[in-house]
Structures are given as structure tokens and as C-alpha cells.
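Residue-level listing of the chains:
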Amino acid sequence: QVQVVESGGGLVQPGESLRLSCAASGSVSRIGDMGWYRQAPGKQRELVALITKTGSTNYEDFVKGRFTISRDTAKNTVYLQMNSLKPEDTAVYYCNAKDTYVGRYYWGQGTQVTVSS
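Residues numbered from 1 in each chain as written. Predicted model: local features only at pLDDT ≥ 70, side-chain atom pairs only at ≥ 80, totals over all residues. Heavy atoms only, no water.

## As for the sheet that holds strand β3 (residues 18-24)
The antiparallel open sheet is built from four strands, whose spatial order is β1-β3-β8-β7. The sheet terminates laterally at β1 (4-7) and β7 (67-72), the two strands that pair on one side only. Averaged over all neighbouring strand pairs, the angle between strand axes comes to 15°, with direction disregarded. Bridging between β1 and β3 involves four bridges; their strand directions are antiparallel. (Pairing = 2+ DSSP bridges. Helix = DSSP H or I, 4+ residues; strand = E, 2+ residues; numbered from the N terminus. Axes fitted to C-alpha atoms, helices over the stretch in contact; angles between N-to-C directions.)

## With respect to the nonpolar core
Of all hydrophobic cores here, the largest spans 29 residues; its most connected members are W36, L80, M82 and Y93. Breaking this core down by element, the ones donating at least two residues are β3, β4 (31-39), β5 (46-51), β7, β8 (77-82), β9 (91-99) and β11 (111-115). Apart from the residues within four sequence positions on either side, M82 is in contact with E16, S17, L18, L20, R66, F67, Y93 and V113. (Core = buried A, V, L, I, M, F, W, Y, C linked by side-chain atoms within 4.5 Å. Buried < 20%, exposed > 50% of the residue type's maximum accessible area, 1.4 Å probe, protein only. Contact = heavy atoms within 4.5 Å.)

## A short note on the pattern of salt bridges
Counted by the stated rule, this structure contains four salt bridges. With its nearest N and O atoms 3.0 Å apart, the salt bridge here joins R38 to E46. Taking the relative accessible area as the measure of exposure, R38 reaches 6% and is therefore buried. Looking at E46, the relative accessible area reads 31%, which means it is partly exposed. Between R38 and D89 there is a salt bridge, with its nearest N and O atoms 2.9 Å apart. In this pair, R38 is assigned in strand β4 and D89 in the loop between β8 and β9, connecting sequence segments 51 residues apart. Per residue, the accessibility class of R38 equals that of D89, and both read buried. Here the salt bridges share partners, and the residues they tie into one network are R38, E46, R66 and D89. (Salt bridge = Lys/Arg side-chain N within 4 Å of Asp/Glu carboxyl O.)

## A short note on the packing of aromatic side chains
Scanning the entire structure with this criterion turns up two aromatic pairs. Ring centres of Y94 and W107 lie 6.4 Å apart, and the angle between their planes is 90°; on these two criteria the pair is classed as edge-to-face. Residue Y94 is found in strand β9, and its partner W107 is found in strand β10 (residues 104-107); the two are separated by 13 residues along the sequence. Chaining the aromatic ring pairs together yields one cluster made of Y37, Y94 and W107. One residue, R45, lies across the ring of Y94, its end atom 3.6 Å from the ring centre. (Phe/Tyr/Trp six-rings, centres within 6.5 Å; stacked < 30°, edge-to-face > 60°. Lys NZ or Arg CZ within 6 Å of the ring centre and 35° of its normal.)

## Some thoughts on unusual backbone geometry
Positive phi outside glycine occurs at N76, with the angle close to 50°. Classification of N76 as buried rests on a relative accessible area of 2%. With a phi close to 50°, S84 is a non-glycine residue in the positive phi region. Mapped onto the fold, S84 is located in the loop between β8 and β9. Accessibility expressed as a relative area gives 39% for S84, which makes it partly exposed.

## Here we look at the environment of T90
Among the secondary structure elements, T90 is positioned in the loop between β8 and β9. Once the C-alpha coordinates of T90 and V113 are considered, the two residues, 23 residues apart in sequence, prove to be 5.4 Å apart. Discounting chain neighbours no more than four positions away, the residues touching T90 are A40, P41, Q112, V113, T114 and V115.

So far we have only geometry, and geometry alone does not tell us how the molecule works.
See below:
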């Protein structure tokens, strides 16, 4: 089974930055797409950004221009650089990774990001 672990969340003021990291266990050949999702209080979990194994990216409009997703494929690690953070970015951020051996997705337990003055 693939294990997914996020880190890097915290409390920041509006306009500041954070970088989230996520590492997935397993062989390099096993892990496919990786992505970041978030869930704010009272809302459904939503996609933030996705990156394929070859580096193609997809961003939701509300973060485009502020957030950057990247990965180190050799280490099964994905990052989310978050700049110009806004209070509405406050959420639990979850990483997910695709296990291509069985065609399933695995979630981390989440890391809290709070943007407040």
C-alpha cells in the first residue's frame, strides 16, 4: 500500500507564503499523478493543482498565478508553493498520489493552512 504524508502547513498572515511538501512511498515506477486538494470549513474537498509524472500541470482558477505545483519524480515527492495567501485559502490541504499498479488513489492525512491576521 502507498503511504502519503504531507508537511509544511501553518499559520501565516495574508500576503505571505508557504511551501507544502508531500512524499509518497513506493517505487518510482508505481507512482503516477500527484496532486493537492483542499477542504475549507463547511465546504467540499476541491482540487487545487495536479501534476502528472511527466510534469504536465493543471491549476484551478482561484490559485492560478499564486500557487505553483512541482515534483521530484525520482523521490515521489510533490510540492505546492503558495504565494500571496488569502484568508479564503484557509483549509486543510491534502495530497494524493496515484498507485498505477492497481489504479487507485491514496490520500495523506492533511496539513492545516490558516491565513489570518
